[in-house]
Amino acid sequence: LGYLKLFMDGTLGSATARLLDGSGVELTSRERLEEVVREAAAAGWPVAVHAIGDGANRAALDAFEASAGAWRPLGLRQRIEHAQLLDAAELPRFAEAGVTASVQFSHAPSDRDLADRVWEGHQGAYAYAALLGHGARLANGSDAPVEELDPLKGIVAGVLRTLDERPPWRPEQAVTVEHALRATCTEPAWLARDERLRGTLAPGMLADLVILDRDPAGCPPEELTEVQVVATMVGGSFTYVSDPPILGISQSS
């Protein structure tokens, strides 16, 4: 049935993200989240909790850690959704608690001006490289329809930290192409407990894949914005082939 979804706080844009300084809006308390995680574990459900501000993320991690005895033996794959602003103390806690940071790479270049203004240059904003450096499991989504539903654009955002003509925003938090691909393809399948069916190319897996006009892991980073989809396959059958066909692929192949 998927995940039980909760909200710890509001958003960056409305200035309702819950911060450690006490500002923002608390939608779910640490204590209530702990109760819900325990109740969900009793029903066999993992929890995905929206947390934007550093205060909300700390409270969510506290709740997951306090309730770990209820969910960890069941192998539930808990996740914090967005994790946009993190205090340095929280960076290692994702890996320590076994909670996935389910983020959206495209938020960083989209929110850069607002984040600098509202959060006054807080260095823990969209800290994807730092999370990886501390061993966190990092999954990437689109957050459509808030952001564009285009996985290639998300990969570009994670690697280049910009989606326009401006220089990269906080380039020290950029991820490698390999990390971006894993976060976009493999980790979401793992969260859905589909890692034996989807997320990698191997015998016995579902043949859900795209064929690109170049290797994103081998081309220069500045070429990532030019990568095009040549064909799409779902369940082993081609559902899209570029016109004119490239590489000798046809719809009937």
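Please refer to the structure placed before this passage.
An account of the accompanying structure is given in this report. In this text the structure is predicted, and so the values were computed from the model without any measurement. (Residues numbered from 1 in each chain as written. Predicted model: local features only at pLDDT ≥ 70, side-chain atom pairs only at ≥ 80, totals over all residues. Heavy atoms only, no water.)

Residues Ala144 and Pro145 are joined by a peptide bond in cis, for which omega reads 10°. For Pro145, the position within the fold is in the loop between strand 5 (138-140) and helix 7 (151-160). With a phi angle near 95°, His82 is a residue other than glycine that sits in the positive phi range. Following the sequence through the fold, His82 ends up in strand 3 (residues 79-82). Positive phi values are uncommon outside glycine, yet Asp143 reaches one of about 60°. (Helix = DSSP H or I, 4+ residues; strand = E, 2+ residues; numbered from the N terminus.)

Ranked by size, the top nonpolar core spans 57 residues in total, and within it Leu33, Val49, Ile80, Phe94, Phe105, Trp119 and Tyr126 carry the most contacts. Examining the composition of this core, we find that 6 residues originate from one element, helix 2 (residues 54-66), more than from any other. Apart from the residues within four sequence positions on either side, Phe105 is in contact with Tyr128, Leu138, Asn140, Gly141, Gly154, Ala157, Gly158, Val175, Ala180 and Ala183. (Core = buried A, V, L, I, M, F, W, Y, C linked by side-chain atoms within 4.5 Å. Buried < 20%, exposed > 50% of the residue type's maximum accessible area, 1.4 Å probe, protein only. Contact = heavy atoms within 4.5 Å.)

Enumeration over the complete set of coordinates arrives at 22 salt bridges. Note that Asp113 and Arg166 form a salt bridge whose closest N and O atoms lie 3.0 Å from each other. One end of the pair, Asp113, is in helix 5 (residues 107-118); the other, Arg166, is in the loop between helix 7 and helix 8 (177-191), and 53 residues separate them in sequence. By relative accessible area, Asp113 is classed as partly exposed at 44%. A relative accessible area of 28% means that Arg166 is categorised as partly exposed. Among the ionic pairs, Asp194 bridges to Arg198, the shortest N-O distance being 2.9 Å. Since its relative accessible area comes to 34%, Arg198 is described here as partly exposed. (Salt bridge = Lys/Arg side-chain N within 4 Å of Asp/Glu carboxyl O.)

To continue, consider the sheet that holds strand 4 (residues 100-103). Here 5 strands make up an open sheet; going across it, the order is 1-2-3-4-5 and the pairing parallel. Since the sheet does not close on itself, it has two edges, and those belong to strand 1 (4-7) and strand 5, each with one partner. Ignoring strand direction, the axes of neighbouring strands in this sheet form an average angle of 25°. For strand 2 (residues 47-51) and strand 3, the ladder comprises 4 bridges, and the chain directions are parallel. Bridging from a neighbouring strand, Ala48 pairs with Arg79 of strand 3. (Pairing = 2+ DSSP bridges. Axes fitted to C-alpha atoms, helices over the stretch in contact; angles between N-to-C directions.)

Here 3 strands make up an open sheet; going across it, the order is 6-7-8 and the pairing antiparallel. Looking at the sheet topology across the chains shown, the edges are occupied by strand 6 (209-212) and strand 8 (237-241). Strand-to-strand twist across the sheet, computed as the mean angle between neighbouring axes with direction ignored, equals 25°. When strand 6 meets strand 7 (residues 229-234), the two strands line up antiparallel, connected through 4 bridges. The partner of Val210 across the bridge, within strand 7, is Thr232.

Here the focus is the packing of aromatic side chains. For the structure shown, the criterion picks out 5 aromatic pairs. Centre to centre, the rings of Phe64 and Trp71 are 6.3 Å apart; their planes meet at 80°, and the pair counts as edge-to-face. Using a relative accessible area of 0% as the deciding quantity, one classes Phe64 as buried. Between Tyr126 and Tyr128, the aromatic rings sit 6.5 Å apart at their centres with planes inclined by 85°, giving edge-to-face as the arrangement. Taking the relative accessible area as the measure of exposure, Tyr126 reaches 0% and is therefore buried. (Phe/Tyr/Trp six-rings, centres within 6.5 Å; stacked < 30°, edge-to-face > 60°.)

A word on helix 2. An ideal rise of 1.5 Å per residue puts 18 Å on 13 residues; helix 2 measures up with 18 Å between its terminal C-alpha atoms. Burial in helix 2 covers these residues: Asp54, Gly55, Ala56, Asn57, Ala59, Ala60, Leu61, Ala63 and Phe64. (Expected span 1.5 Å × (residues − 1).)

Another aspect to go through is the side chain of Asp111. The topology assignment puts Asp111 in helix 5. Buried within the structure, Asp111 lacks any salt-bridge partner; Arg166 is the closest side chain of opposite charge, at an N-O distance of 9.5 Å. When neighbours within four sequence positions are excluded, Asp111 is seen to be in contact with Leu12, Gln84 and Tyr126. (Lys, Arg positive; Asp, Glu negative; His and termini not counted.)

The subject of this paragraph is the packing of helix 7 against helix 8. Axis separation between helix 7 and helix 8 bottoms out at 9 Å; the angle between their running directions is 140°. When the axis of helix 7 is compared with that of helix 8, the two are oblique. Viewed along their axes, helix 7 and helix 8 form a crossing whose handedness is right-handed. On helix 8, the residues touching Pro151, Ile155 and Val159 of helix 7 are Val177, Ala180, Leu181 and Thr184. (Parallel < 35°, antiparallel > 145°, perpendicular 65-115°, else oblique. Left-handed = near helix turned anticlockwise from the far one by under 90°.)

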